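The lines below spell out each chain.
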Amino acid sequence: MSSYSVTRCICHKRNFEEIKEFAEQQSFSSVEELQAEQFCSCGCGLCIPYIEMMFETGRTEFEPGEYYKASTE
Ligand code: FES
């Protein structure tokens, strides 16, 4: 893992741990549901692919651009 990790939605000032916990409490399984509550991902949208990976893997820390690398392998 690189020295810099992607761990948060910068626009909403929420880390992925907090987002994962909220999603679990609400039984959410998509970014759209989080956006509907305006909990995260309503700003620049750069966090969206990472949050999608969070739902897929349960992880809350990612390498920058990891989703892109995964989609090209
Ligand atoms: S980083 Fe999440 S919307 Fe900008």
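Think of each chain on its own: its residues are numbered from 1, step by step along the sequence as written. Selection of residues for local features in this predicted model requires a pLDDT of at least 70, selection of side-chain atom pairs for listing and counting requires 80 or more, and totals for whole chains, interfaces and linings are taken over all residues. Here the side-chain values reflect all heavy atoms present in the structure, with hydrogen atoms and water set aside.

For the chain, the name recorded in an unreviewed UniProt entry is BFD-like [2Fe-2S] binding domain-containing protein, with Gracilimonas mengyeensis as its organism.

Asker: Would you explain the nonpolar core in this entry?
Answerer: Residues F16, I19, L34, C40 and I51 are the most contacted members of the largest nonpolar core, which totals 17 residues. Helix numbering and strand numbering both begin at the N terminus, where a helix is a DSSP run of H or I of at least 4 residues and a strand a DSSP run of E of at least 2. At the level of elements, α1 (16-26), α2 (31-36) and α3 (48-57) are the ones that each hand at least two residues to this core. Throughout this description, the term nonpolar core refers to a set of buried Ala, Val, Leu, Ile, Met, Phe, Trp, Tyr and Cys residues connected via side-chain atoms within 4.5 Å. Residue burial is assigned from relative accessible area. The probe radius is 1.4 Å, only protein chains are included, and a residue is buried under 20% of its type maximum, exposed over 50%, and partly exposed in between.

Asker: What is the right way to read the packing of aromatic side chains from this model?
Answerer: Geometrically, a pair of aromatic rings is defined through the distance of the ring centres and the angle of the planes. Any Phe, Tyr or Trp ring, taking Trp's six-membered ring, that has another such ring centre within 6.5 Å forms a pair; planes under 30 degrees apart are called stacked, those over 60 apart edge-to-face, and the others tilted. Taken as a whole and assessed by the stated rule, the structure comprises five aromatic pairs. Between the aromatic rings of F22 and F39, the centroid separation amounts to 3.8 Å while the plane-to-plane angle is 5°, which identifies the pairing as stacked. Of the two residues, F22 sits in helix α1 while F39 sits in the loop between α2 and α3, which places them 17 residues apart along the sequence. Neither residue differs from the other here; F22 and F39 are each classed as buried.

Asker: Where do I start with α1 in this structure?
Answerer: Residue pairs three or four apart in sequence face the same way in an α-helix, which turns once every 3.6 residues. For α1, the complete set of buried residues consists of F16, I19, F22 and A23. In a view along the axis of α1, the buried residues occupy a sector of 125°, so they form one face of it. The exposed residues of α1 that point more than 90 degrees off its buried face are E24 and Q25. By definition in these notes, contact holds between two residues if any of their heavy atoms fall within 4.5 Å. Looking at the buried residues of α1, the elements they touch are β1 (8-9), β2 (14-15), α2 and α3. The distance from a side-chain oxygen at the start of α1 to the backbone nitrogen of E17 is 3.1 Å, and the residue carrying that oxygen is N15. Where α1 terminates, the next one or two residues include S27, which has phi positive at roughly 55°. By arc we mean the arc of the directions from the helix axis to the C-beta atoms, nothing more. Any N or O atom pair separated by 3.5 Å or less is treated as a polar contact, with the protein-specific requirement of one donor-capable and one acceptor-capable atom, and with residues adjacent in sequence counted only for side-chain atom pairs.

Asker: How should I be thinking about the side chain of T60 in this particular structure?
Answerer: Position of T60 relative to the elements: it lies in the loop between α3 and α4 (66-72). The class for T60 is buried, based on a relative accessible area of 14%. Side chain to side chain, T60 and E17 meet in a polar contact 2.9 Å long. Those residues within four positions of T60 in sequence are excluded, and the remaining contacts are V6, T7, F16, E17, K20 and M54.

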